[in-house]
Amino acid sequence: MAKISIKNYIMNVLAIVILYALLKFLIWNGVISRYYLGIIIFICINIVLATSLNLATGFLGQLALGHAGFMAIGAYVSAITAISLKGSGLPNTVMLIISLLLAAIFAGVIGILIGIPALRLKGDYLGIITLGFGEVIRVFINNIKMTGGAQGLTGIPRISNIDNIFWITVVVVTILYTLTNSRHGRAIKSIREDEIAAEAVGIQTTKYKVMGFAIAAFFAGIGGGMYAHYIAFLDPNTFNFMRSVEILVIVVLGGMGSLTGSVIAAIVLTILPEALRDFANYRLLIYSGLLVIMMIFRPQGLFGTTEFSLSGFLYKLRHNQIFSSRKKIEEGD
Amino acid sequence: MNIFLQQLINGLSVGSIYAVIALGYTMVYGIIRLINFAHGDIMMMGAYFAFITVFATGMPFYMVLIVSMVLAAVLGVTIESLAYKPLRKAPRISALITAIGMSLFLQNLALVIFRADPKIMPAIIPKRPIMIGPIQIGTVTITTIALSIFFMVLLDFFVKKTKPGKSMRAVSEDKEASILMGINVNKTISITFAIGSALGALGGVLYSVAYTQVFPTMGVMPGLKAFVAAVFGGIGLIPGAMLGGFVIGMIETITKAYISSQWSDAIVFGILIIVLLIKPTGILGKNEREKV
Amino acid sequence: MALLETKGLGMYFGGLKAVDNFDISVDEHELVGLIGPNGAGKTTIFNMLTGVYLPTEGDIMLDGLSIVGKKPYQIVNMGAARTFQNIRLFKDLSVIDNIKIAYHNEMKYTTVEGIFRTKRYWAEEEKAHQESLDFLKIFDMQAYADTLAKNLPYGKQRKLEIARALATNPRILLLDEPAAGMNPHETKELMETIHFIKDKFDIAILLKEHDMSLVMGICERIIVVDYGKIIAKGKPDEIKNNPDVIRVYLGE
């Protein structure tokens, strides 16, 4: 088991390093313009938000409609921290790390405080109460002085860039991956599958529900912080209910319980509206229409609950299973 | 004191609009267990239907209302059969995302057709203040309250006394058993969407007349509030939606008048949170326990 | 001393006495049957014994400690595991993951150790993996290790649920109508499995069933309930000839 894992590690690390080198190369020779770079950064932010929500909704099975609230908390805490650290002479990276960690911890703690009462509810009711909390957070930010209120928050140091955003995203996804494949991750998945059965085999369901929810909030906080330090301006109304929905759409479309699915759906759904820019006003009409059509034809999302694995893909490729399995399906029909 | 009474009547008026919209949410939830996020946008489309009808034909208010409600009913049934029906056996969250997608689709459709700038809704209800003792009430307010109550009574009669109404209750109680009893489930679901959407349009027309504006995202906030109202009263329950609508409208109006208009949304959602924590199935809902 | 003992156990739903004055005791390594017609209160009893319901009155002792008011997971950790009448597996997870979840509390590594995959993580995961495989081997299901639980045949699903309960390392196993929905052949195989696990794992078993003939063959002692009350206790032969039992099962 361990030997195969080491081989997988090396392969995945290699793939990520190559991806990063390619990205740097394309930026260096100007293929990736400022505009494209912005899209890539937004893809990374959306990956962090979607994979974290996937932990709560896909792996833990708890419908959460207030993820933008945690993102907002992270964005504001991170921004305010960085603003107050501005004159301290700290290097940007250190400042970013401090701000993001504080943002994440803050969002995580609020996640625990909301999670403990809210997670007693199930299904749609949980969705509604998280929606309620998300809206309350937004109204709060809109009306207190510290956040700049409805006018927005300005003067945020622009300290995130493609390098740190890329690596933060890699770290977040990796942590979520190893977490979901540990005993704690299995406990989380067992709650999604059947809460009563989970408790009947000795899982402390309440503890793991709150834990999964809080970790999701923690990383949403990081996503919010990344956003704040890239955009350098925060408007509370960015973090409304529709923002939560956008993140949820990525999760469901990618496949609930599939991190790789979330990554790919984040890429697709961030590029799609941009690619449709030529259609001007019809852009969001097409986008929403496609969303409905995709749901009708693939309700379980692109990947279902399975993960895309590089080694598995290569194995199948080598043994020609991808084509033969397709053939099998065709013959079956 | 007079101002307070005035506010109460305003609250009643806002509440009755929320109540009729909430009915659409609750009926659909009751029958297919779907939070129909597109309902607020059907309400918006209803307002646009009324707006067009007024400009194209100059018909009187009641005719405009009927045309708008009928068109919205057709729209609701179409959406159900195209987008929701294929997903009845799919994971519920997929159906939820579809409803959200449909909501965005309607909003952007309105945006493409009518542009983003708000259209001024003509005063199709003649504005004459009526004095009851020392309190002055607008005709719009009175019409809103009266029409909402009229349709609620009508709906109550329909659900309790007519055959399709009884089928509706049967399907929301137990879909499989209803099929065995020979009830046409698909037809019943269509009827539910038709009625819910027509009531949404009623809410939309009244809302646009009261605030004199029609715009593509006008359904979002009232939709969300009406939905809160439905949950508040007990989602899936018709009397719950009515009660919830009035309570939420009242709370909102009172907080706006006496506490703070900026915080009123937070207070509405805060109350929703408290109700859900104390009694998750809403004020009138029954607590259910999972069987082991 | 009895392993599982109840004293004056009662459960009222409103005015309805679902279970009343229920006293049983199960000794270690004993196989006891709990039978009774549908609606006799067996499910309520099971739910009280496993912490799903809080009894209205009375006490439940597991190895001398009261478990009333304890959460289901605490009761599992104290040594009483159960299965469910309408199989509750982790359907979209693999068979081996179903077992590994039951090993959750055997492993001790922390969340952070799990995230950073320390030595302890690898050691404990490796051990859990091996033990789970061994476990499946005992039930002759190792070939299904990577199958999703929902894709197992019905009889195998029952077996997996029992295996999963046993993986929590219990001292008493509570089986909730394990033969429900099985054909005679599967039922026979299941009864053999039950007998086998009792010897192999050296545990006590409380077997709830509504079909009397089924438990007669394997149980050492049988408790019969009707309308929430115990109407007979004893050896299978005594039960078979008990007039009250005959009346309940065959009518007057």
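The structure this text deals with has already been given above.
Only a predicted model underlies this, so the values are computations on that prediction, with no experimental measurement involved.

Draft legend 1. Representation of the overall build of chain A in the model. Helix and strand counts for chain A stand at 14 helices and 0 strands. When the elements of chain A are put in sequence order from the N terminus, they spell out α-α-α-α-α-α-α-α-α-α-α-α-α-α. Relative to the compact-globule value of 20 Å for 333 residues, chain A shows a C-alpha radius of gyration of 20 Å, a close match. The principal-axis extents of the C-alpha atoms in chain A amount to approximately 65 × 55 × 45 Å. The buried share of chain A, reckoned over its 333 residues, is 56%. Counting contacts in chain A only where the partners sit at least 6 residues apart, residues at least 24 apart contribute 81% of the total.

Draft legend 2. Region of the structure containing the overall build of chain C. Counting its regular elements, chain C contains 10 helices and 11 strands. In terms of overall dimensions, chain C is globule-like: its C-alpha atoms have a radius of gyration of 19 Å, near the 18 Å expected for 252 residues. Oriented by its inertia axes, the alpha-carbon framework of chain C measures out at about 65 × 40 × 35 Å. Within chain C, residue pairs in contact and separated by at least 24 positions form 66% of the contacts whose partners lie at least 6 positions apart. About 10900 Å² of surface is accessible on chain C, with carbon and sulfur atoms providing 51% of the total.

Draft legend 3. Representation of the sheet that holds strand β8 (residues 172-176) of chain C. Residues and elements named next belong to chain C. With mixed pairing, the 6 strands of this open sheet are ordered in space as β7-β8-β9-β4-β10-β11. Of all strands in the sheet, those with a lone pairing partner are β7 (80-82) and β11 (229-234), marking the two edges. Strand after strand, the sheet turns through a mean of 20 degrees between neighbouring axes, direction not considered. With 5 bridges connecting them, strand β10 (residues 221-226) and β11 associate as antiparallel partners.

Draft legend 4. The pattern of salt bridges, seen in detail. Taken as a whole, this structure holds 31 salt bridges over all chains when the rule is applied. Here B:Arg88 and B:Glu80 are joined by a salt bridge, their closest N and O atoms 2.6 Å apart. Taking the shortest distance from any N to any O, the salt bridge between C:Arg171 and C:Glu28 comes out at 3.0 Å. Placement of the pair is C:Arg171 in the loop between α6 (154-167) and β8 and C:Glu28 in the loop between β3 (25-26) and β4 (31-35), with a sequence separation of 143 residues. Owing to a relative accessible area of 37%, C:Glu28 belongs among the partly exposed residues under this scheme. What you see here is one network of salt bridges that share partners, running through C:Lys42, C:Arg82, C:Asp176, C:Glu177 and C:Lys208.

Draft legend 5. How the structure looks around unusual backbone geometry. Of note, the phi angle at A:Ala232 is positive, near 65 degrees, even though the residue is not glycine. Its relative accessible area of 14% is what places A:Ala232 among the buried residues. Phi angles above zero are rare outside glycine, and C:Glu177 is one such case at about 45 degrees. Structurally, C:Glu177 can be placed in the loop between β8 and α7 (184-201). In this structure C:Glu177 comes out as buried when scored by relative accessible area, which is 3%.

Draft legend 6. The interface of chain A and chain B, seen in detail. Every contact between the two is made by 41 residues of chain A and, on the other side, 44 residues of chain B. Both sides together, the interface formed by chain A and chain B hides about 3700 Å², and carbon and sulfur atoms give 82% of it. One can count 1 salt bridge joining chain A with chain B. We note a salt bridge from B:Arg92 to A:Asp124, for which the minimum N-O separation is 2.3 Å. Between chain A and chain B we count 6 residue pairs in polar contact (both at pLDDT 80 or more) in total.

Draft legend 7. Structural view of helix α11 (residues 259-275) of chain A. Residue and element names in this part refer to chain A. An ideal rise of 1.5 Å per residue puts 24 Å on 17 residues; α11 measures up with 24 Å between its terminal C-alpha atoms. Three or more residues of α11 are buried, namely Leu-259, Gly-261, Ser-262, Ala-265, Ala-266, Leu-269, Thr-270, Leu-272 and Pro-273. Summarising the axial view, the buried residues of α11 lie within an arc of 155 degrees, below the 170-degree limit, and thus occupy one face. Buried residues in α11 make contact with α2 (34-59), α6 (162-180), α10 (241-254) and α12 (283-297).

Draft legend 8. Here's a closer look at the nonpolar core. Within the largest apolar cluster, 259 residues are counted, with the highest numbers of intra-cluster contacts made by A:Leu234 and C:Leu173. If one sorts the elements of this core by residue count, α2(A) sits on top with 15 residues. Residues in contact with A:Leu234, not counting those within four places in the same chain, are A:Ala75, A:Tyr76, A:Ala79, A:Gly152, A:Leu153, A:Ile156, A:Tyr227, A:Ala228 and A:Phe239. With 27 residues, the next largest nonpolar core counts C:Val19, C:Val32, C:Ala80 and C:Ile172 among its residues.

Draft legend 9. Spotlight on the pairing of strand β2 (residues 16-22) of chain C. Residue and element names in this part refer to chain C. Of the strand pairs in this sheet, strand β1 (residues 4-13) and β2 are connected by 4 bridges, and their pairing is antiparallel. Across the sheet, Phe-13 pairs through a bridge with Leu-16, a residue of β2. From the end of β1 to the start of β2, which pair antiparallel, there are 2 residues, and Gly-14 there has a positive phi angle of about 65 degrees.

Draft legend 10. Structural view of the side chain of C:Thr193. Residues and elements named next belong to chain C. Position of Thr-193 relative to the elements: it lies in helix α7. Within polar-contact distance, the side chain of Thr-193 engages the backbone oxygen of Glu-189 at 2.9 Å. Once residues lying within four places of it in the same chain are set aside, the contact partners of Thr-193 are Phe-139 and Lys-159.

Draft legend 11. The pairing of β4(C), seen in detail. Residues and elements named next belong to chain C. Here β4 lies mainly inside the structure; 5 of its 5 residues are buried. Burial of β4 is two-sided: the residues Leu-31, Gly-33 and Ile-35 facing one way and the residues Val-32 and Leu-34 facing the other way are all buried. Both β4 and strand β9 (residues 204-209) contribute to a ladder of 5 bridges, which runs parallel. Note on β9: the bridge partner recorded for Ile-35 is Glu-209. Sheet topology places β4 next to β10; 4 bridges connect them, and they run parallel.

Draft legend 12. Seen up close, a nonpolar patch on the surface. A grouping of A:Ile97, A:Leu101, A:Ile105, A:Val109 and A:Leu113 is seen on the molecular surface, where their side chains present a nonpolar patch of about 460 Å² in accessible area. As for its placement among the helices and strands, A:Val109 is situated in helix α4 (residues 92-118).

Definitions and cut-offs
Residues numbered from 1 in each chain as written. Chains lettered and ligands numbered in written order. Predicted model: local features only at pLDDT ≥ 70, side-chain atom pairs only at ≥ 80, totals over all residues. Heavy atoms only, no water. Helix = DSSP H or I, 4+ residues; strand = E, 2+ residues; numbered from the N terminus. Rg over C-alpha atoms; globule rule 2.2 N^0.38 Å. Buried < 20%, exposed > 50% of the residue type's maximum accessible area, 1.4 Å probe, protein only. Contact = heavy atoms within 4.5 Å. Areas by Shrake-Rupley, 256 points an atom, 1.4 Å probe, with all protein chains shown as cover. Pairing = 2+ DSSP bridges. Axes fitted to C-alpha atoms, helices over the stretch in contact; angles between N-to-C directions. Salt bridge = Lys/Arg side-chain N within 4 Å of Asp/Glu carboxyl O. Buried area = accessible area lost by both parts, 1.4 Å probe. Polar contact = N/O pair within 3.5 Å; in protein donor to acceptor, adjacent residues only side chain to side chain. Expected span 1.5 Å × (residues − 1). Arc of directions from axis to C-beta. Core = buried A, V, L, I, M, F, W, Y, C linked by side-chain atoms within 4.5 Å. Patch = residues over 30% accessible without salt bridge, like charges linked within 9 Å, V, L, I, M, F, W, Y side chains within 5 Å.

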